[in-house]
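Each chain, letter by letter, is given below.
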Amino acid sequence: MSSDHISIAAPQLGAAERDRIADVLESGMIADGPEVRGFEREFADYCGADHGVATSNGTTALHAALHALGIGPGDRVLTTPFTFIATANAVAFAGAEVGFVDIDPRTYNIDPDALEARLRAGEQVDAVIAVHLYGLPADMTRLAELAEEYDFLLVEDAAQAHGAEVEGRRVGSLGDAACFSFYPTKNMTTSEGGMITTNHADVAERAARFVDHGRVSGYEHAEVGHNFRMTSIAAAIGRVQLERLPEFTRARQANAAALTEYLEDSPVTTPHTPPDRTHVFHQYTVACDGVERDALKSYLDAKGIATGVYYPKPVHKQPAYEHLAVSAPVAEEAARRVLSLPVHPGLSEADVERVGTAVANYAEVAR
């Protein structure tokens with residue numbers, strides 16, 4: 001990393017990943033194969049789930065999971081509008097109708113109270129996708145209770161939350177299915193890739209068939225499917241990254257703790273972690289309550305500190321979905337206030353200090 005620039009993300013790849021890729025290349029089995037099966041088993045075990053199905057990316061994981069759960073035309077799926085658009089797109093790909101529930105202002109995740117109000121009013125809900133935004137799990141305990149009471153499927157969008165926990169249980173094992181992304185900026189990477197985890201053998205079987213052209217064996221195809229397979233090269237990277245994930249998580253959490261100390265008396269509100277949950281800090285996202293967000297962002301950019309706004313426009317305000325006329329004022333307000341600061345494992349202690357002090361000093365500079 002340059003001494004004068006601090007990036008918002010930095011994939012941690014090294015000799016172990018290169019060696020594993022070389023082994024796969026030497027084997028000649030570079031497409032879907034034993035390496036992928038090994039990664040599926042190891043990742044599912046890590047999550048505490050019974051089954052894993054690897055896919056080409058996080059979006060295809062969501063699409064395949066919904067298909068495997070039987071979600072399709074005539075079904076209605078609710079999710080948060082404060083997420084990457086892929087969450088909603090997967091519902092559309094499955095042929096179902098998407099709806100949005102506003103968020104909790106402290107966690108930025110789907111608000112169980114708002115969801116329960118909709119359920120009590122009799123709204124059709126066949127599935128809920130709970131997004132574990134920024135690395136903080138949604139309130140899965142409450143959501144699971146609602147799923148049981150109102151009989152809907154519960155899907156985890158864990159694209160940003162590898163290793164996060166709720167009451168000591170890792171995400172990926174808390175719903176009917178869960179979906180992960182291994183994009184380069186995520187907590188671990190395969191360069192591109194995704195994973196479905198589930199405790200239901202029939203869901204895993206349907207998902208595995210769907211991502212491989214509906215194949216049941218050889219050239220026997222039981223249904224129309226897609227080519228959403230992961231390559232052996234990607235799986236090889238993923239297996240090494242999974243071994244390193246605890247190290248990455250500790251670094252992210254340590255960097256986040258240090259930033260919170262630096263920002264204790266600053267004009268921003270630091271991330272909130274409920275006591276029953278473990279945050280893995282895919283992003284360290286502050287709320288700009290005492291300062292103007294875009295001005296702070298420009299100030300940090302000028303100092304060589306990259307930042308990100310995730311997300312500047314909620315999904316229900318995107319042209320693809322604004323016809324739904326959704327009311328989600330908390331999500332809209334969050335979109336105006338949030339700013340993500342560097343927290344990734346590639347930061348040095350000096351980098352973290354530089355980020356923290358720059359933000360803490362900004363209020364005086366602005367005055």
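In this report, we go over the structure that sits alongside the text. Note that the coordinates shown come from a computational prediction; the quantities given were computed from them, not determined experimentally. (Residues numbered from 1 in each chain as written. Predicted model: local features only at pLDDT ≥ 70, side-chain atom pairs only at ≥ 80, totals over all residues. Heavy atoms only, no water.)

**Considering the pattern of salt bridges**
Moving on, step 1. Tallied over the full model, the rule gives 24 salt bridges.
Moving on, step 2. Two residues, R120 and E116, come together in a salt bridge whose shortest N-O distance is 3.2 Å. Residue R120 and its partner E116 are located together in helix α5 (residues 112-120), separated by 4 residues, close to a single helical turn.
Moving on, step 3. Under the relative-accessibility criterion, R120 is labelled exposed at 63%.
Moving on, step 4. Residue D294 is joined to R293 by a salt bridge in which the shortest nitrogen-to-oxygen separation is 2.8 Å.
Moving on, step 5. A network of salt bridges, in which partner residues are shared, links R20, E35, E42, R239 and E243. (Salt bridge = Lys/Arg side-chain N within 4 Å of Asp/Glu carboxyl O. Helix = DSSP H or I, 4+ residues; strand = E, 2+ residues; numbered from the N terminus. Buried < 20%, exposed > 50% of the residue type's maximum accessible area, 1.4 Å probe, protein only.)

**Details of the layout of surface pockets**
Moving on, step 1. A volume near 500 Å³ is recorded for the largest pocket.
Moving on, step 2. What lines the largest pocket is a set of 27 residues, and nearest its centre among them are F84, Q160, S181, K186 and Y311.
Moving on, step 3. Per-domain counts for the lining of the largest pocket show at least three residues from each of domain 1 (15-240) and domain 2 (245-366).
Moving on, step 4. If you add up the space inside the second largest pocket, you get close to 320 Å³.
Moving on, step 5. Taken together, 20 residues make up the lining of the second largest pocket; nearest its centre are R37, E40, V53, A208 and R209.
Moving on, step 6. Sorting the residues of the lining of the second largest pocket by element identifies α2 (34-47), β1 (51-55), α7 (201-210) and β10 (215-217) as the ones contributing at least two each.
Moving on, step 7. In the lining of the second largest pocket, the residues fall into 8 nonpolar, 3 polar and 9 charged. (1 Å grid on protein atoms, 1.4 Å probe; cavity = no way out; pocket = protein on both sides within 12 Å on 5 of 7 lines; lining within 4 Å. Points joined across faces, edges and corners; volume = space filled by probe spheres on them. Domains from an automatic or database assignment. Nonpolar A, V, L, I, M, F, W, Y, C, P; charged D, E, K, R; others polar.)

**Topic: the sheet that holds strand β2 (residues 76-79)**
Moving on, step 1. Pairing is mixed in the open sheet, where 7 strands are placed in the order β1-β9-β8-β5-β4-β2-β3. Of all the strands in the sheet, the pair left with one neighbour each is β1 and β3 (97-100). Geometrically, the sheet is characterised by an average inter-axis angle of 20° between neighbouring strands, direction not taken into account.
Moving on, step 2. In the packing of α7 onto the sheet, the strands contacted are β1 and β9 (194-198), and the crossing angle to β1 comes to about 15°. (Pairing = 2+ DSSP bridges. Axes fitted to C-alpha atoms, helices over the stretch in contact; angles between N-to-C directions. Contact = heavy atoms within 4.5 Å.)

No statement about biological role is implied by the geometric values presented.
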